[in-house]
Amino acid sequence: MHYDFDTPVDRSGHHAAKYEERVRVFGTDQVIPLWIADMDLPTAQPILDAVTARAREGLFGYTSRPASYFEAACAWQARRHHWSPDPALCSHALGVVPALASLVRIFSEPGDNVLIQPPVYPEFADVTDFQGRTVLANQLLETAPGHWEVDWADFEGKLRQARLFILCSPHNPLGKVWSREELTRMLELCLRHGVLVISDEIHSDLVFRGTHIPTASLSPEIAANVITCISATKTFNLAGLHASVTVFPDQEKKRRFDQFWMSFDVHRNNVFSLVAMEAAWREGDAWLDQLLSYLDGNLHYIKAFLDEKIPEIKTFVPDATYLMWLDCRGLSMAQDDLVRFMIDKAGLGLNSGHGFDPARSGFMRLNVACSRSVLERAMAQLEAAVAAWREVRA
């Protein structure tokens with residue numbers, strides 16, 4: 001089946017957070033929303049068919065999860081990533097972020113330190129703060145344009161103070177696919193210093209160059225020290241269905257996690273996430289392969305446009321994710337002024353870089369998961385805004 005990603009999808013009026021929350025986030029709804037990390041692209045037909053068939057049953061009571069659900073999740077990992085987790089060590093959560101929050105609470109104590117690697121997904125810091133833990137930041141280093149590396153001396157030094165390490169693999173917002181050597185070095189250091197690893201691998205299916213290596217596949221010793229968070233929601237644009245899978249190294253850690261969620265009586269999928277996720281894992285390959293090609297084209301389009309028309313804003317084509325990290329320091333604006341410029345002058349709703357790393361200014365994150373024509377309109381607006389900025393500075 002051929003999928004049409006070129007026809008724009010109008011999500012306004014359908015309670016899509018990306019659109020309906022523009023006034024709250026940007027102060028206006030007159031921006032092209034290229035922020036929150038979901039896609040303005042239709043999902044795979046097998047998923048639509050599964051959800052439609054379930055809706056036609058007309059009964060939406062409590063839903064029991066069959067063994068085939070976690071088996072499908074593990075089969076997907078084996079097929080796409082050459083990792084074969086045990087379905088018996090998988091647990092349900094309402095999403096990767098709720099899973100992260102609960103894991104921080106369960107496997108650390110108030111006041112403990114949690115290590116993260118900015119610039120990184122803001123919820124890593126947020127869930128740590130909300131649980132009364134302290135964030136330790138191992139700042140990633142840009143050693144060449146678009147090439148980011150671990151500050152190894154700082155990483156090991158902070159591991160000596162940490163209880164947990166939250167790894168983002170692939171990395172959001174940098175789109176970095178960690179090499180086997182980098183992953184092994186980080187995870188062996190965690191073992192040496194007795195730091196439990198929580199590996200957020202929600203973007204693992206969205207890889208264009210390189211190979212995603214599941215952290216728990218590196219070695220039996222490393223696997224015993226890793227809790228992995230995965231989901232079909234990012235890959236197939238199902239975030240509104242609220243489901244993820246947490247893979248544990250042993251039954252005791254799984255028991256503690258399950259007991260935590262059972263205390264809120266949260267242990268079942270809803271009726272639609274159950275069928276949608278399983279359909280994605282069993283029948284979503286063809287759609288995903290077409291999607292990856294389209295998204296990669298969008299990434300290259302933005303890079304080429306900025307290089308040619310707006311050299312003040314620099315970026316690079318990421319190896320994974322549909323998110324681009326924009327270096328806007330050539331505009332010589334403070335972060336708050338940069339955010340207002342994008343909203344008021346360019347008419348763009350982007351993520352401020354401060355959310356990913358308060359220590360860095362002059363950066364924004366842009367989501368390319370939409371039809372090409374939308375990006376063309378966005379770039380035209382940005383080009384006009386920068387041209388006006390140049391005239392004022394001249």
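About the criteria used
Residues numbered from 1 in each chain as written. Predicted model: local features only at pLDDT ≥ 70, side-chain atom pairs only at ≥ 80, totals over all residues. Heavy atoms only, no water. Helix = DSSP H or I, 4+ residues; strand = E, 2+ residues; numbered from the N terminus. Expected span 1.5 Å × (residues − 1). Buried < 20%, exposed > 50% of the residue type's maximum accessible area, 1.4 Å probe, protein only. Arc of directions from axis to C-beta. Polar contact = N/O pair within 3.5 Å; in protein donor to acceptor, adjacent residues only side chain to side chain. Pairing = 2+ DSSP bridges. Contact = heavy atoms within 4.5 Å. Axes fitted to C-alpha atoms, helices over the stretch in contact; angles between N-to-C directions. Phe/Tyr/Trp six-rings, centres within 6.5 Å; stacked < 30°, edge-to-face > 60°. Lys NZ or Arg CZ within 6 Å of the ring centre and 35° of its normal. UniProt positions renumbered as here; feature names shortened; annotations may be inferred. Core = buried A, V, L, I, M, F, W, Y, C linked by side-chain atoms within 4.5 Å. Salt bridge = Lys/Arg side-chain N within 4 Å of Asp/Glu carboxyl O.

## Things to note about helix α11 (residues 251-262)
- With 12 residues, α11 extends 16 Å from end C-alpha to end C-alpha; this agrees with the ideal 16 Å at 1.5 Å per step.
- Looking only at α11, the buried set comprises Lys 253, Lys 254, Phe 257, Phe 260 and Trp 261. Seen from one end, α11 has its buried residues packed into an arc of 125°, which puts them on one side.
- Backbone nitrogen of Glu 252 and a side-chain oxygen of the N-cap are separated by 3.2 Å at the start of α11; the cap is Asp 250.

## Focus: the sheet that holds strand β14 (residues 363-367)
- As summarised here, the arrangement of the three strands in space is β11-β14-β13, forming an open sheet in which the pairing is antiparallel. What marks the edges here is a single partner per strand, and that holds for β11 (323-327) and β13 (351-352).
- One ladder, built from two bridges, connects β13 with β14; its direction is antiparallel. The residue bridging Ser 352 from the neighbouring strand is Met 364, located in β14.
- Contacts between helix α14 (residues 335-345) and the sheet are confined to β13 and β14, with β14 contributing the most and set at about 30° to the helix.

## Thoughts on the packing of aromatic side chains
- Scanning all chains against the criterion turns up 20 aromatic pairs.
- Here Trp 325 and Phe 363 contribute two aromatic rings whose centre-to-centre distance is 5.2 Å and whose plane-to-plane angle is 10°, an arrangement assigned as stacked. Placement of the pair is Trp 325 in strand β11 and Phe 363 in strand β14, with a sequence separation of 38 residues.
- We classify Phe 363 as buried; its relative accessible area is 4%.
- Three or more aromatic residues joined by ring pairs make a cluster, and in this case those are Tyr 3, Phe 5, Trp 76, Phe 236, Trp 287 and Tyr 294.
- Positioned over the ring face of Trp 152 is Arg 185, at 4.1 Å from the centre of the ring.
- For Arg 372, the ring lying beneath its charged end belongs to Tyr 294, and the centroid distance is 5.7 Å.

## Looking at the UniProt feature "domain: Aminotransferase class I/classII large" (unreviewed entry) in the protein
- Within this structure's numbering, the places UniProt gives as "domain: Aminotransferase class I/classII large" (unreviewed entry) are residues 95-381.
- For residues 95-381, the helix share is 41%, the strand share is 17%, and the end-to-end C-alpha distance is 35 Å.

## Focus: the nonpolar core
- Counting residues in hydrophobic clusters, the biggest one holds 100 residues, and the most contacted among them are Phe 155, Met 186 and Leu 382.
- If you tally residues by element for this core, the top one is helix α13 (residues 285-309), at 11 residues.
- Discounting residues that sit within four places of it in the chain, Leu 382 has contacts with Leu 306, Ile 310, Ile 313, Phe 341, Met 342, Ala 346 and Leu 348.

## Looking at the pairing of strand β2 (residues 90-93)
- A two-sided burial pattern is seen for β2, the buried positions comprising Cys 90 and His 92 on one face and Ser 91 and Ala 93 on the other.
- The pairing of β2 with strand β10 (residues 244-247) spans four bridges and is antiparallel. Looking at β10, one finds that Cys 90 is bridged to Val 247.

## A short note on the pattern of salt bridges
- The tally for this structure, following the rule as stated, stands at 25 salt bridges.
- Note that Lys 18 and Asp 38 form a salt bridge whose closest N and O atoms lie 3.7 Å from each other. Of the two residues, Lys 18 is situated in helix α1 (residues 17-20) and Asp 38 in the loop between β1 (32-33) and α3 (45-56); the sequence distance between them amounts to 20 residues.
- Here Lys 18 falls in the buried class, since its relative accessible area comes to 1%.
- Each of the salt bridges in this network shares a partner with another, and the network as a whole consists of Arg 11, Lys 18, Asp 38 and Asp 40.

## Looking at unusual backbone geometry
- In this chain, Ser 169 is followed by Pro 170 through a cis amide linkage whose omega measures -5°.
- Tracing the backbone shows Pro 170 in the loop between β7 (164-168) and α8 (180-192).
- Of note, the bond from Asn 172 into Pro 173 is cis; its omega dihedral lies within 30 degrees of zero at 25°.
- Mapped onto the elements of the fold, Pro 173 is located in the loop between β7 and α8.
- A positive phi angle, close to 65°, is found at His 15, a residue other than glycine.
- Note that His 15 resides in the segment before α1.
- Residues other than glycine seldom take positive phi values, yet His 242 does so here, at roughly 55°.

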